[in-house]
Number of protein chains: 2
Amino acid sequence: MDVRTICLGILTRGDATGYEIKKLFEEDGYAFFVEASFGSIYPALNRLTEEGLVSVREEAQTKRPDRKVYSITPAGRQAFLASLLEPLSEDRYRSPFLFAMLFCDLLPQGSVERVLDDYIAHAERKLTQLSEGNPETNGKGERFVRDFGRTMYVAMLQYLREHRSEFKAEALKAAE
Amino acid sequence: MDVRTICLGILTRGDATGYEIKKLFEEDGYAFFVEASFGSIYPALNRLTEEGLVSVREEAQTKRPDRKVYSITPAGRQAFLASLLEPLSEDRYRSPFLFAMLFCDLLPQGSVERVLDDYIAHAERKLTQLSEGNPETNGKGERFVRDFGRTMYVAMLQYLREHRSEFKAEALKAAE
DNA sequence: GTTTGCATGTAAACGGTTACATGATTGG
DNA sequence: CCAATCATGTAACCGTTTACATGCAAAC
C-alpha cells in the first residue's frame with residue numbers, strides 16, 4: 001500500500017492535516033502493519049490535491065506554519081474504493097530477527113539468548129500497545145485488525161517462550 | 001537486512017551462484033521473512049567481490065553464460081558475524097490485507113468475504129509450503145525459523161476462520 | 001510448440017527514508 | 001532550561017523492483 005492510498009484511507013474517516021495523518025497511524029498501534037514518514041506524506045498530499053482527490057483549506061496560525069486541513073473529495077472516495085477492490089498486493093514480512101536466528105550456530109555464547117530476550121521484550125511492548133488502544137470508538141474493521149495483531153503477538157510470544165530454553169548456554173553445552 | 005548481508009549469510013552455508021542464492025530463499029519457504037531479486041543480488045555480489053568479502057571462480061559453460069561460483073572469504077565471515085552482533089533493525093510487517101479490512105464498512109456486499117477467503121487460501125498455501133520443507137537436513141536455526149513461521153500461520157488461520165462468519169452477507173444484514 | 005529452467009547482467013524508474021531548515025509553545 | 005509538540009516542506013540519497021537483453025536445453 002503506497003502512501004497515497006494510506007492518506008486517502010485515513011481521510012475517509014475525517015479531515016486531517018499531514019501531521020495528524022502521521023500521528024493517527026503511530027498511536028493505537030496501527031503502525032505494526034502500515035507506515036509512512038513526513039517525507040512521503042507531504043508530497044503525497046500535494047499530488048493528491050493536484051489530482052483533485054483531496055481538497056485543502058488553510059487555517060492561518062500565528063507564529064506557526066498554517067495548518068493545511070485536507071478533506072477527501074467524491075473523486076477521491078471513488079478512487080480509494082477502486083484501489084481496495086482491485087487485487088491486493090501480498091503482505092510482506094521482513095525479519096532481521098529471524099534471519100539472525102537462522103545463523104544462531106555461528107554466534108558466540110550468550111548472544112543468541114540476548115537477541116531472543118530483546119525480541120521477546122519488544123514483542124511484549126507491542127502487544128501492550130495494541131491492547132491499550134481505546135476499545136470503544138473503534139468500528140468493525142478497527143476491531144478486527146487490532147485483534148488480529150493481538151492474536152499474532154500472543155502466538156509469537158508463546159512460541160518464543162517455549163523455545164527460549166533451547167538456546168541457554170547450558171542447553172547448548174549439553175548438546176555437544 | 002540488505003541484500004549484501006543476505007548473500008553473505010547464504011554463502012556461510014556453502015558456495016553458490018547468484019542464481020542459486022535466489023532459489024535458495026524462494027524454496028523451502030524462507031521467502032516469508034526475507035527476499036531479494038536478481039536486480040539486487042548480482043550487483044551486491046559484484047560489490048562484495050570488490051571489497052574482498054567474497055571470491056569468485058568462473059566455470060566456463062558452452063552456450064550459456066559462465067557460472068560464477070561465489071565463496072565467502074575469512075574477511076566476509078568476519079563482516080557477517082559483526083553485522084549479526086550489532087543491533088538488529090526492527091521487523092516490518094506491511095499488510096495491504098489488514099489495511100483493506102480496516103475499511104470493510106466501505107466495501108460492497110460480498111467483496112469483504114472474497115478478500116477474506118482469498119487471504120485464507122493464500123495463508124493455507126504458505127503453511128503447506130513451510131511444512132513441506134525437508135526436515136532432515138536442517139540445522140537448529142532452520143528448524144527454529146520454520147516452526148516460528150508455522151506457528152504464526154496456524155494462529156493466523158485460526159483467527160481468520162473464527163471471525164469469517166462475521167463478514168457474511170447475512171451477518172451484516174442482521175446487524176443493521 | 002510452448003513453457004520452464006539455467007544463467008548473467010544493465011538501466012531506468014520508483015518509492016521511500018533521512019537529514020535538514022524553521023520556529024514558537026507547552027510541560028516537566 | 002531542555003525536551004517534546006505542533007507544523008510544513010525540500011533535497012539528497014538509498015535500495016530495490018521492473019523491464020529489457022540474450023539464448024540454449026529439456027520437459028511437457
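Criteria and cut-off values
- Residues numbered from 1 in each chain as written.
- Chains lettered and ligands numbered in written order.
- Predicted model: local features only at pLDDT ≥ 70, side-chain atom pairs only at ≥ 80, totals over all residues.
- Heavy atoms only, no water.
- Contact = heavy atoms within 4.5 Å.
- Buried area = accessible area lost by both parts, 1.4 Å probe.
- Salt bridge = Lys/Arg side-chain N within 4 Å of Asp/Glu carboxyl O.
- Polar contact = N/O pair within 3.5 Å; in protein donor to acceptor, adjacent residues only side chain to side chain.
- Helix = DSSP H or I, 4+ residues; strand = E, 2+ residues; numbered from the N terminus.
- Nonpolar A, V, L, I, M, F, W, Y, C, P; charged D, E, K, R; others polar.
- Pairing = 2+ DSSP bridges.
- Least-squares fit on C-alpha atoms with pLDDT ≥ 70 in both.
- Near = heavy atom within 4 Å.
- Axes fitted to C-alpha atoms, helices over the stretch in contact; angles between N-to-C directions.
- Parallel < 35°, antiparallel > 145°, perpendicular 65-115°, else oblique.
- Left-handed = near helix turned anticlockwise from the far one by under 90°.
- Domains from an automatic or database assignment.
- Phe/Tyr/Trp six-rings, centres within 6.5 Å; stacked < 30°, edge-to-face > 60°.
- Buried < 20%, exposed > 50% of the residue type's maximum accessible area, 1.4 Å probe, protein only.
- Lys NZ or Arg CZ within 6 Å of the ring centre and 35° of its normal.

Q: Can you explain the interface of chain B and chain A? Please cite residues and give values.
A: Interfaces are often sized by the amount of accessible area the parts lose when they come together. Contacts between chain B and chain A engage 63 residues on the former and 63 residues on the latter. Around 6,000 Å² of area is buried between chain B and chain A when both sides are counted, 73% of it from carbon and sulfur atoms. When the area that chain B buries against chain A is broken down by residue, the three leading residues are B:Phe99, B:Phe144 and B:Tyr159, summing to 13%. Scanning the region where chain B abuts chain A turns up eight salt bridges. Between B:Arg92 and A:Glu35 there is a salt bridge whose closest N-O contact spans 3.4 Å. The tally of links from chain B across to chain A stands at 28 residue pairs in polar contact (both at pLDDT 80 or more). Of all the secondary structure elements, the ones that give two or more residues to the side of chain B that touches chain A are α1 (3–12), α4 (74–85), β3 (92–94), α5 (96–102), α6 (111–132) and α7 (140–163) of chain B. Residues belonging to the side of chain B that touches chain A are distributed by class as follows: 40 nonpolar, ten polar and 13 charged. Looking at chain direction, strand β3 (residues 92–94) of chain A and β3(B) are connected through three bridges and run antiparallel.

Q: Account for the relation of the copies chain B and chain A, with residues named and values stated.
A: The transformation that overlays chain B on chain A combines an axial shift of 0.0 Å with a rotation of 180°, and the residual RMSD is 0.0 Å. Both copies are brought into coincidence by an operation consistent with a two-fold rotation axis. If distances are taken from each C-alpha of chain B to the rotation axis, the shortest is found for B:Tyr93, at 2.2 Å.

Q: If you had to explain the protein's contact with DNA strand D to someone new, which residues and values would you point to?
A: Close to DNA strand D lie 20 residues; A:Tyr19, A:Tyr42, A:Arg67, A:Lys68 and B:Ser37 are nearest. When the atoms of DNA strand D within 4 Å of the protein are grouped by moiety, sugar and phosphate amount to 67% of the total. Separating a phosphate oxygen of DNA strand D from a side-chain N or O atom of A:Lys68 is a distance of 2.2 Å. Only α2 (18–26), α3 (38–50) and β2 (67–72) of chain A together with α3 (38–50) of chain B provide two or more residues apiece to the surface near DNA strand D. Class assignment for the residues of the surface near DNA strand D results in five nonpolar, seven polar and eight charged.

Q: So what about the packing of α2(A) against α3(A)? Which residues, and what values?
A: Geometry of a packed helix pair, given as the angle between the helix axes and the separation of the axes. Residue and element names in this part refer to chain A. With their axes 10 Å apart at the nearest point, α2 and α3 run at an angle of 130° to one another. Judged on the interaxial angle alone, α3 and α2 are oblique. Judged by the sense of rotation from one axis to the other, the crossing of α2 with α3 is right-handed. Residues Gly18, Tyr19, Ile21 and Lys22 of α2 lie in contact with α3, whose contacting residues are Phe38, Ile41, Tyr42 and Leu45. Along the lines of polarity and charge, the residues of the contact of α2 with α3 split into six nonpolar, one polar and one charged.

Q: Which residues make up the domain arrangement of chain A, and what are the values?
A: All names here are of chain A. You can read the domains of chain A as domain 1 (3–85) and domain 2 (96–174). If you average the C-alpha positions of domain 1 and of domain 2, the two centres end up 32 Å apart. In this complex, domain 1 contributes six residues to the contact, which on the side of domain 2 involves nine residues. Summed over both partners, the interface of domain 1 with domain 2 buries about 670 Å², with 57% contributed by carbon and sulfur atoms. Taken together, the links from domain 1 to domain 2 amount to one salt bridge. Our count for the domain 1 to domain 2 interface comes out at one residue pair in polar contact (both at pLDDT 80 or more). In terms of residue class, the side of domain 1 that touches domain 2 is built from three nonpolar, one polar and two charged.

Q: For the protein's contact with DNA strand C, give the residues involved together with the corresponding values.
A: Around DNA strand C lies a shell of 21 residues, among which A:Ser37, B:Tyr19, B:Tyr42, B:Arg67 and B:Lys68 are the nearest. Atoms of DNA strand C within 4 Å of the protein belong to the sugar or the phosphate in 63% of instances, the rest to bases. Here a phosphate oxygen of DNA strand C and a side-chain polar atom of A:Ser40 are 3.3 Å apart. Measuring from a phosphate oxygen of DNA strand C, one finds a side-chain N or O atom of B:Arg67 at 3.1 Å.

Q: A description of the packing of aromatic side chains should follow, citing residues and the corresponding values.
A: Scanning the model with the defined rule gives 35 aromatic pairs over all chains in all. When the centroid spacing of 6.3 Å and the interplanar angle of 80° are considered together, the rings of B:Tyr30 and B:Phe33 count as edge-to-face. Here the two residues B:Tyr30 and B:Phe33 agree in accessibility, since each one is buried. Seen in terms of ring centroids, B:Phe99 and B:Phe103 are 5.1 Å apart; in terms of plane orientation they differ by 65°. Their pairing is edge-to-face. You can call B:Phe99 buried: its relative accessible area is 0%. With relative accessibility at 2%, the residue B:Phe103 sits in the buried group. Each residue in the set A:Phe25, A:Tyr30, A:Phe32, A:Phe33, A:Tyr93, A:Tyr153, B:Phe25, B:Tyr30, B:Phe32, B:Phe33, B:Tyr93 and B:Tyr153 is aromatic and connected to the rest through ring pairs, giving one cluster. The ring of A:Phe38 is capped by A:Lys22, whose NZ or CZ atom sits 4.7 Å from the centre of that ring.

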